[in-house]
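Below are the chains, spelled out letter by letter.
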Amino acid sequence: MRVLAALSGGVDSAVAAARAVEAGHDVVGVHMALSRSRAQHRNGSRGCCSIEDASDARRAADVLGIPYYVWDLSEEFEDTVVADFLSEYEAGRTPNPCVRCNEHIKFSALLDRGLALGFDAVCTGHYARIVDVPGTDGQHRRELHRAADTAKDQSYVLAVMGPERLGRSLFPLGDAPSKDAVRAEAAERGLSVSAKPDSYDICFVADGDTRGFLRDRLGSRPGEIVDTDGAVLGEHDGAYAFTVGQRKGLGLTRPAPDGTPRYVLEVRPEQGQVVVGPSQLLSVDELTADQAIWLADDVTAEEWIDVEVQIRAHGDPVAASVRRRREGGAETVEARLATPLRGIAPGQSLVVYRGTRVLGQATIAEAHRGAALPA
Amino acid sequence: MRGTRADPAPYTGSVTTYLDHAATSPVRPEVAEVYAAELTRLGNPSSLHTAGRDARRRLEEAREQLAAAVGAEPAEVLFTSGGTEADNLAVKGAYWARHGTDPALSAVAVSAVEHHAVLEAAEWLGEHEGAAVRLLRVTGDGRLDLNHLDETLARGDVAVVSVMWANNETGALQPIHDVVTRADAAGVPVHTDAVQAVGKVPVHFARSGVGALTLTGHKLGAPVGTGALVARRDYPLAAVEHGGRQERGVRSGTLNLAGAHALALAVELAVAEQEAEAVRLAQLRDRLLAGVTAAVPDARVTGPAGAHRLPGLAHVTVAEADADALLLGLDMAGIAASSGSACQAGVQQPSHVLLAMGYDEESARSALRFSLGRTTTAADVDALVAALPAVVDGARKAYATHRPRTTEGVA
């Protein structure tokens, strides 16, 4: 196959590309330039936004002996991932930009451009497995599974790509036993990025300062911090900077009457209000998620089925039953959790698993609590 | 660790067709020979002993050889590391020298289509020295708007005018004679960046009337790292680099003797062959443009028609295609070309030249430059013409995926 290897400049994508070359594919390396203002590139080696990362990607391609190009996808990135990040926070939700990047950039803008230019697939350094299961009709069914190394598993952020794009993707690191093994392999292959630190922060937010980024882009919008009875406990600079389940950084001077810690229970951007309260009010066991994307054709889930769901990128799956609902063009997933979870923020992905297999995903719209909040 | 890995086949891109001579061109074998021979000789031209004197003699021979080839006096040749250094010296050096004697001379006038070595030098003067940067307009075919030059000179504050001899993207030849006539009347010195012109069109320094002229080695068969500013003794110059006061005190640094020899020989050879080569390259360029416009009927040729353009350069815009996708497709087909415009960190920028000529940003991102040179043959041109339709087709499909964006599933 003619394969477009997305090279971020990190160790994972470099080793993934190396494995694709070794598998006999005709591989071309592409580094995506995602930052609009090249002058404001971040320092250091993290994510895919620095000059150093572009240079590391180029050197990896050199070592692998593959062509290398930089594609400017900054416009698409700003219009989709960054715009979504801002509007979601503005609406009081908590977005996952990595999910949106996979949805709009890596497996959309990049893949589409690659297909148009005669490539067959995109290869990335994600930790997830694509498994072809032989079907009864001689056709193969393509499934997305968790990575062999569950600690590194990234299937949570990949489910969004949908079934067609799964057929156009390669994740050569899916069966890697650990990140350390990938680093060792990189060193063995002579890739200079083998010891490069992992990136954890959001790549377009400097220094991990999400609040500062939001304040710069959305401006100051002062409002009140209230308790569940509506009593004003404090003030804030912008409700968008708060996330359901957040405990730190509330800036409250008076402790709760019973001395227990207070958490963000709800963000009400239209009133500029942040509602706080005790942790037990964070517990939810019913979720509604919209913009559903379903990968498993063979599991329709039109009636309630028993599965596991995961509701944040680095969270454990919990037992649940789910049901898909289609109304008009919109598709939702309803979930009933076997055990209540705390701090589920609207905007995060609800990913449905059966064992290691990803069945589908949707974006959390509502979380129902045991005790309703006063309006 | 490197020794332990399996050696991959190095990607050489199987470049069979090199159509990017305006970026850099192959070193002539006889020049490489002179260069290598000079590297084995010892001596700093500034030293007083025998080895130094000998080096000095060889340096002056190279200076005389270069001067003779471009119609200059030997004393007018200042060796530099290349075009960018020469442009910076000519623009900043002249501004500082003139502004220093008359503070009212506080502007630099440069054409809007200059190479970045001139544009950025002028803009740096604007940002850090308070100079007024006057960008001289060009017409739709990329040639200087002389009326705008007249208006600019009439303000009476211009310290130096810099207008390139030939544009590196479109190949447009600028009306240097008209620029000199007007600037002379206003008493303003003229610099010209002739990096793309020397050896391609007739360039005679003394007859041109310019005060200073930039040339570089690697566009005409000498190694990268060689170049010169040819500057009349009355062209005002303050030093940009300070040190041992070599080269009339305005370009310090131990002289690159091997480079000077290589440059002088390459310029001499290129100038000697210029007339015949111009005829040959113009024929190849016309064959290329005829083939390209036949293969891609809506490709639009930029720049001036006829005699007012470089013989070996063709520049077209391809509607609804991005230069980076076009160049990738050509590269995959073994053809080296360029968009002609700058790229930052590997990302193609819209061409400031095309924008100045009135093209919209979409067109300024869709340009392809084919630059022919000494080693180009008709077979190269035919290979391009054969490969181009499929490349354009792919690039247009890629373009359609993001403008307007599609959110549909993958076909």
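Because the structure is predicted, anything quoted here is derived from the model rather than measured.

Analysis parameters
Sequence positions are assigned chain by chain, starting from 1 and proceeding in written order. All chains are assigned letters beginning at A, and all ligands numbers beginning at 1, according to the order in which they are written. Residues qualify for local features only when their pLDDT is at least 70, as the model is predicted, and side-chain atom pairs are given and counted only at 80 or more; totals for whole chains, interfaces and linings, by contrast, use all residues. For the purposes of this entry, the term helix denotes a DSSP run of H or I that reaches at least four residues, the term strand denotes a run of E that reaches at least two, and both are numbered from the N terminus. Computation of the radius of gyration draws on C-alpha atoms alone. For the globule rule, the value is 2.2 Å times the number of residues to the power 0.38. With C-beta atoms placed from the backbone, the exposure class of a residue follows from how many other C-beta atoms lie within 10 Å of its own: 20 or more, buried; 12 or fewer, exposed; in between, partly exposed. Residues are treated as contacting if the C-beta atoms built from their backbones sit within 7 Å of each other. In this usage, the nonpolar core is the set of buried Ala, Val, Leu, Ile, Met, Phe, Trp, Tyr and Cys residues whose C-beta atoms join them within 7 Å. Axis definition: a line fitted to C-alpha atoms, limited for helices to the stretch in contact. Angles are taken between N-to-C directions and run from 0 to 180 degrees. Roughly parallel here means an angle under 35 degrees, roughly antiparallel means over 145, roughly perpendicular means 65 to 115, and every remaining angle is called oblique. Handedness of a crossing follows from how the near helix is turned relative to the far one, being left-handed for an anticlockwise turn of less than a right angle and right-handed for a clockwise one. Throughout, the ten residues Ala, Val, Leu, Ile, Met, Phe, Trp, Tyr, Cys and Pro are labelled nonpolar, Asp, Glu, Lys and Arg are labelled charged, and all others, Gly among them, are labelled polar. Those domain boundaries reflect an automatic or database domain assignment. UniProt positions are given in the numbering used here, feature names are shortened, and annotations may be inferred rather than shown by experiment. For two strands to pair, DSSP has to find at least two bridges joining them.

Examining the overall build of chain A
Part 1 of the reasoning: A tally of regular secondary structure across chain A gives eight helices and 17 strands.
Part 2 of the reasoning: Its C-alpha atoms give chain A a radius of gyration of 22 Å, near enough to 21 Å, the size a compact globule of 375 residues would have.
Part 3 of the reasoning: By its C-alpha atoms, chain A is 65 × 55 × 40 Å across when sized along the principal axes.
Part 4 of the reasoning: Evaluated residue by residue, chain A yields a buried proportion of 49% over its 375 residues.
Part 5 of the reasoning: Within chain A, contacts between residues separated by at least 24 positions form 64% of all contacts whose residues are at least 6 apart in sequence.

Examining the nonpolar core
Part 1 of the reasoning: By size, the foremost hydrophobic cluster in this structure holds 237 residues, and its most contacted members are Ala 5, Ala 17 and Leu 350 of chain A together with Val 108, Val 230, Val 267 and Leu 326 of chain B.
Part 2 of the reasoning: Looking at this core element by element, the count peaks at 15 residues for helix H8 (residues 257-295) of chain B.
Part 3 of the reasoning: Not counting residues up to four positions away in its chain, the partners in contact with Val 267 of chain B are Leu 66, Ala 69, Val 70, Val 198, Gly 199, Leu 215 and Leu 220 of chain B.

Some points on the packing of helix H3 (residues 74-90) of chain A against helix H4 (residues 97-116) of chain A
Residues and elements named next belong to chain A.
Part 1 of the reasoning: The interhelical angle for the contact between H3 and H4, taken along N-to-C directions, is 160°, at an axis separation of 9 Å. On the basis of the axis angle, H3 is roughly antiparallel to H4. When the axes of H3 and H4 are compared, the crossing they make is right-handed. Touching Glu 76, Phe 77, Thr 80, Val 81, Asp 84 and Phe 85 of H3 are Pro 97, Arg 100, Cys 101, His 104, Ile 105 and Ala 109, all from H4.
Part 2 of the reasoning: Taken together, the residues that form the contact of H3 with H4 break down as seven nonpolar, two polar and three charged.

What about the domain arrangement of chain B?
All names here are of chain B.
Part 1 of the reasoning: According to the domain assignment, chain B consists of domain 1 (29-269) and domain 2 (274-402).
Part 2 of the reasoning: Inter-centroid distance (C-alpha atoms) of domain 1 to domain 2 is 28 Å.
Part 3 of the reasoning: Domain 1 puts 22 residues into the contact, and the matching count from domain 2 is 22 residues.
Part 4 of the reasoning: In terms of residue class, the side of domain 1 that touches domain 2 is made up of eight nonpolar, 10 polar and four charged.

Focus: the UniProt feature "active site" (unreviewed entry) in chain A
All names here are of chain A.
Part 1 of the reasoning: UniProt feature "active site" (unreviewed entry): in the numbering of this structure it lies at Cys 101 and Cys 203. A compact arrangement is adopted by the annotated residues: their sequence extent is 103 residues, whereas the largest C-alpha distance between any two is 10.7 Å.
Part 2 of the reasoning: Taking the number of C-beta atoms within 10 Å as the measure of exposure, Cys 101 has 29 and is therefore buried.
Part 3 of the reasoning: Not counting residues up to four positions away in its chain, the partners in contact with Cys 101 are Val 81 and Lys 106.
Part 4 of the reasoning: As for its placement among the helices and strands, Cys 203 is situated in the loop between helix H7 (179-188) and helix H8 (210-218).

A look at unusual backbone geometry
Part 1 of the reasoning: Non-glycine residue Arg 245 of chain B carries a positive phi angle of around 60°.
Part 2 of the reasoning: Here Arg 245 of chain B shows up in the loop between strand S8 (227-231) and H8.

Some points on the sheet that holds strand S14 (residues 367-371) of chain B
All names here are of chain B.
Part 1 of the reasoning: What the three strands build is an open sheet, ordered S9-S10-S14; its pairing is antiparallel. In the strand order of this sheet, the two ends are held by strand S9 (300-301) and S14, each with one partner.
Part 2 of the reasoning: Together, S9, strand S10 (313-317) and S14 form the strand contacts of H8, whose direction differs from that of S10 by roughly 20°.

A few points about the packing of helix H3 (residues 83-101) of chain B against helix H4 (residues 116-129) of chain B
Residue and element names in this part refer to chain B.
Part 1 of the reasoning: Between H3 and H4, whose axes approach to 9 Å, the crossing angle comes to 35°. Helix-helix and strand crossings are classified by hand; for H3 and H4 the assignment is right-handed. Between H3 and H4, the contacting residues are Gly 83, Thr 84, Asp 87, Asn 88, Val 91, Lys 92 and Tyr 95 on the first element and Ala 117, Val 118, Ala 121, Ala 122 and Leu 125 on the second.
Part 2 of the reasoning: A breakdown of the residues in the contact of H3 with H4 according to their chemical character gives seven nonpolar, three polar and two charged.

Some thoughts on the pairing of strand S5 (residues 158-162) of chain B
Residues and elements named next belong to chain B.
Part 1 of the reasoning: Within S5, five of the five residues are buried, which leaves the element mostly enclosed by the surrounding structure.
Part 2 of the reasoning: With four bridges connecting them, strand S3 (residues 107-111) and S5 associate as parallel partners. Residue pairing for S5: Val 108 is matched across the bridge by Val 160.
Part 3 of the reasoning: Sheet topology note: the S5/strand S6 (residues 190-193) ladder contains two bridges and is parallel. Bridged to Ser 162 within S6 is His 191.

What to know about the sheet that holds strand S11 (residues 273-277) of chain A
All names here are of chain A.
Part 1 of the reasoning: With mixed pairing, four strands are arranged side by side in an open sheet as S9-S8-S11-S10. Either end of the sheet is taken by a strand with one partner, and the two such strands are strand S9 (232-236) and strand S10 (263-268). For this sheet the average axis-to-axis angle between neighbouring strands, irrespective of direction, equals 25°.
Part 2 of the reasoning: Judged from the four bridges that link them, strand S8 (residues 223-226) and S9 form a sheet pairing that is antiparallel. Following the sheet pairing, Gly 223 is matched in S9 by His 236.

Things to note about the domain arrangement of chain A
Residue and element names in this part refer to chain A.
Part 1 of the reasoning: Assigned domains within chain A: domain 1 (2-208), domain 2 (220-277) and domain 3 (281-369).
Part 2 of the reasoning: A separation of 37 Å is found between the C-alpha centroids of domain 1 and domain 2.
Part 3 of the reasoning: Contacts between the two partners involve five residues from domain 1 and, on the opposite side, seven residues from domain 2.

Observations regarding the UniProt feature "domain: tRNA-specific 2-thiouridylase MnmA-like central" (unreviewed entry) in chain A
Part 1 of the reasoning: Mapped onto the present numbering, the UniProt feature "domain: tRNA-specific 2-thiouridylase MnmA-like central" (unreviewed entry) falls at residues 212-277 of chain A.
Part 2 of the reasoning: For residues 212-277 of chain A, helix accounts for 11% and strand for 30%, while the C-alpha atoms at its two ends are 25 Å apart.

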